[in-house]
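Chains, contacts and geometry: an overview
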Amino acid sequence: MGRSERDLGRFLPLLQGLASAPPKAEATNPSHPCPGVSCTHRQPHLLWPDSHVAAMTVTYTARVANARFGGFSQLLLLWRGSIYKLLWRELLCFLGLYMALSAAYRFVLTEEQKRYFEKLVIYCDQYASLIPVSFVLGFYVNLVVHRWWNQYLCMPLPDPLMCIVSGTVHGRDERGRLYRRTLMRYAGLSAVLILRSVSTAVFKRFPTIDHVVEAGFMTREERKKFENLNSSYNKYWVPCVWFSNLAAQARREGRIRDNSALKLLLEELTVFRGKCSMLFHYDWISVPLVYTQVVTIAVYSYFLACLIGRQFLDPAQGYKDHNLDLFVPVFTLLQFFFYAGWLKVAEQLINPFGEDDDDFETNFLIDRNFQVSMLAVDEMYDELAILEKDLYWDAVETRAPYTAATAFLMQQPSFQGSTFDITLAREDMQFQRPDSVDVRLGEVHSDFLQRLLPVGPGMTAGLLGRRLSLLRRKNSCVSEASTAASCACTSALDGATPHCGCGAVVLDSTLRELEPEPLTGPEPPVLGPATEPFTTVLMPAPRGPAPPWLPSPIGEEEESLARDPWA
């Protein structure tokens, strides 16, 4: 028996039940959406639509594929999912209240009452700008949009999981097929359970577990185990545990051939289950209520003040900025359109699992995921086309053809990098060898120090020279010590005093003037003929003048200069 015949046999009892169920008597239900219209309704059978009547998400990507003059202007005439559909009631309410106050000011109030109303208008217009509408609203909408996109990224999609199941759970027999289909059914069941917990559209489709069973996501035996599980919390995770147990059983039976494949399968299941958990937490932990209340109060109070503060006053009274008398506040309506529309955007996106025009198509995703996952692990299992040589098997340069509409792309050079367009002069491209540079490091430092410490009329040459020699010695010794080990204390083999030096580089002759007497201290031990020379670490001795290769603290030099400035 073929696979299509088996599917027909599986759905035949359902079709017979639909055909044999007696219709209800025609009755008029006052709570029916269409009172007075007779209808027949059968329960608890579900409807199996061939296609969706209307999709929820409004997609306009193809309309703005290419940037052109007035590219977004064609989107302004769309109604479904537009700001006009969301805001027209609030806009008409605001305009109606504004016109009512304007008519009362012009035709109802007395002259004395008009003067008081005019003072109130000026007061409201002056202090309405103190409400930080754009600041509060901007941060709030940014938070909501970021949260909205993260919720979509947490939608549990079975695509990675079904590829791993198809590649790791082996067996062309009926039991192998049963393993693969059951594993993916458990994954789809977990997604359905979490989505009916957070999405009103999915809950209307599966209001009870009976509907989930009848839809084929759960068997009656599994339903008994599900309901017998004693837990007061949401049990969307139960099918994931069934998945793990079934995968372990398949490993014991050899359907999964090694532990690495089982580990890979369970890791992908963990990712899938984590997305289901994140959807639950996004539904549980909302944006703090105080934040939403602050933003709503800020917007509503601002435009409540604008209802009074943006009224046009009598130009004859000579009030500042009230030289024009109009009936319709054009720019106030535009401001209301922008700010209130901004708030409406946040109101629509804060929960994308409803039934608004731009909410997520959760029912569509359930249908798509269930069908695709079953095809991947059943129809496409071990299905391979005959291996053939590709069209470019003997070609040296592989390049796919272009159509006439895209032939111009073949003439464009490939991008090599942004620096490939830089041109240099011929003399700038010649290598310079290091021995051709005549300027020594010491001379550069000397010139630099001469510029920093010029000789003034109140400074003596001896004092300046001593300061310069100090800075030169500190600069040169620190630099040499950091780049090469040119300073070392070595022990003499004949027991003489160890010699300490700082390389052979002398930057200036003034360093010779500051050389102190050699250090005195305990002599190192005499080495025998079989003893190799080594570096001797001297014991602490009475402090004497520092050797020239050791950078002395600049504070001590400054103190000595302060005691004897004319030395």
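Let us look at the structure shown here. Note that the coordinates shown come from a computational prediction; the quantities given were computed from them, not determined experimentally.

Comments concerning the environment of Phe336
- Topologically, Phe336 is positioned in helix H13 (residues 330-349).
- Separated by 33 residues in the primary sequence, Phe336 and Phe303 have C-alpha atoms spaced 7.2 Å apart.
- Setting aside chain neighbours within four positions, we find Phe336 in contact with Leu87, Glu90, Leu91, Phe94, Phe303 and Gly341.

A short note on the pattern of salt bridges
- Scanning all chains against the criterion turns up 20 salt bridges.
- Of the charged contacts, one joins Arg255 and Asp173 as a salt bridge, the two residues approaching to 2.8 Å between their closest N and O atoms. In this pair, Arg255 is assigned in the loop between helix H10 (238-252) and helix H11 (259-284) and Asp173 in the loop between helix H5 (159-168) and helix H6 (174-198), connecting sequence segments 82 residues apart.
- Take Arg255: its relative accessible area is 15%, and that puts it in the buried class.
- Judged by relative accessible area, Asp173 falls into the partly exposed class, the value being 36%.
- Between Glu355 and Lys204 there is a salt bridge whose closest N-O contact spans 2.7 Å. You can see Glu355 sitting in the loop between H13 and helix H14 (362-379) and its partner Lys204 sitting in helix H7 (residues 200-205), a full 151 residues away along the chain.
- Here the salt bridges do not stand alone but share partners, grouping Glu111, Lys114, Arg115 and Glu118 into one network.

Some points on a nonpolar patch on the surface
- There is a patch of nonpolar side chains on the surface, built from Met99, Phe327, Val328, Val330, Phe331, Leu334 and Phe338 and spanning about 710 Å² of accessible area.
- The greatest single-element share of the nonpolar patch, amounting to four residues, is contributed by H13.
- Mapped onto the elements of the fold, Met99 is located in helix H2 (residues 83-107).

Considerations on the packing of helix H4 (residues 133-153) against H13
- Where H4 meets H13, the axes come as close as 9 Å, and the angle between the chain directions of the two elements is 25°. Between H4 and H13, the angle is such that the two are roughly parallel. Our pair here, H4 against H13, has a crossing hand that is left-handed. On H13, the residues touching Val133, Ser134, Leu137, Gly138, Tyr140, Val141, Val144, Val145 and Trp148 of H4 are Tyr339, Trp342, Leu343, Ala346 and Leu349.

A closer look at the state of the cysteines
- Taken as a whole and assessed by the stated rule, the structure comprises zero disulfides.
- Here Cys240 is not cross-linked by a disulfide; its sulfur's nearest cysteine counterpart is in Cys276, at 5.7 Å.
- For Cys240, a relative accessible area of 6% gives the class buried.

Brief notes about the packing of aromatic side chains
- Counting across every chain of the model gives 22 aromatic pairs.
- Measuring from ring centre to ring centre gives 4.6 Å for Phe94 and Phe336, while their planes differ by 10°; the resulting arrangement is stacked. With a gap of 242 residues between them, Phe94 in helix H2 and Phe336 in helix H13 connect regions that are remote in the sequence. In this structure, Phe94 and Phe336 share a single accessibility class: buried.
- An aromatic cluster is defined as three or more aromatic residues linked by ring pairs; in this entry it consists of Phe94, Tyr302, Phe303, Phe336 and Tyr339.
- Just above the ring of Tyr381 sits the side chain of Arg180; from NZ or CZ to the centre is 3.5 Å.
- Here the guanidinium or amino end of Lys235 rests over the ring plane of Phe226, the centre of that ring lying 4.7 Å away.

What counts and what doesn't
Residues numbered from 1 in each chain as written. Predicted model: local features only at pLDDT ≥ 70, side-chain atom pairs only at ≥ 80, totals over all residues. Heavy atoms only, no water. Helix = DSSP H or I, 4+ residues; strand = E, 2+ residues; numbered from the N terminus. Contact = heavy atoms within 4.5 Å. Salt bridge = Lys/Arg side-chain N within 4 Å of Asp/Glu carboxyl O. Buried < 20%, exposed > 50% of the residue type's maximum accessible area, 1.4 Å probe, protein only. Patch = residues over 30% accessible without salt bridge, like charges linked within 9 Å, V, L, I, M, F, W, Y side chains within 5 Å. Areas by Shrake-Rupley, 256 points an atom, 1.4 Å probe, with all protein chains shown as cover. Axes fitted to C-alpha atoms, helices over the stretch in contact; angles between N-to-C directions. Parallel < 35°, antiparallel > 145°, perpendicular 65-115°, else oblique. Left-handed = near helix turned anticlockwise from the far one by under 90°. Disulfide = S-S within 2.5 Å. Phe/Tyr/Trp six-rings, centres within 6.5 Å; stacked < 30°, edge-to-face > 60°. Lys NZ or Arg CZ within 6 Å of the ring centre and 35° of its normal.

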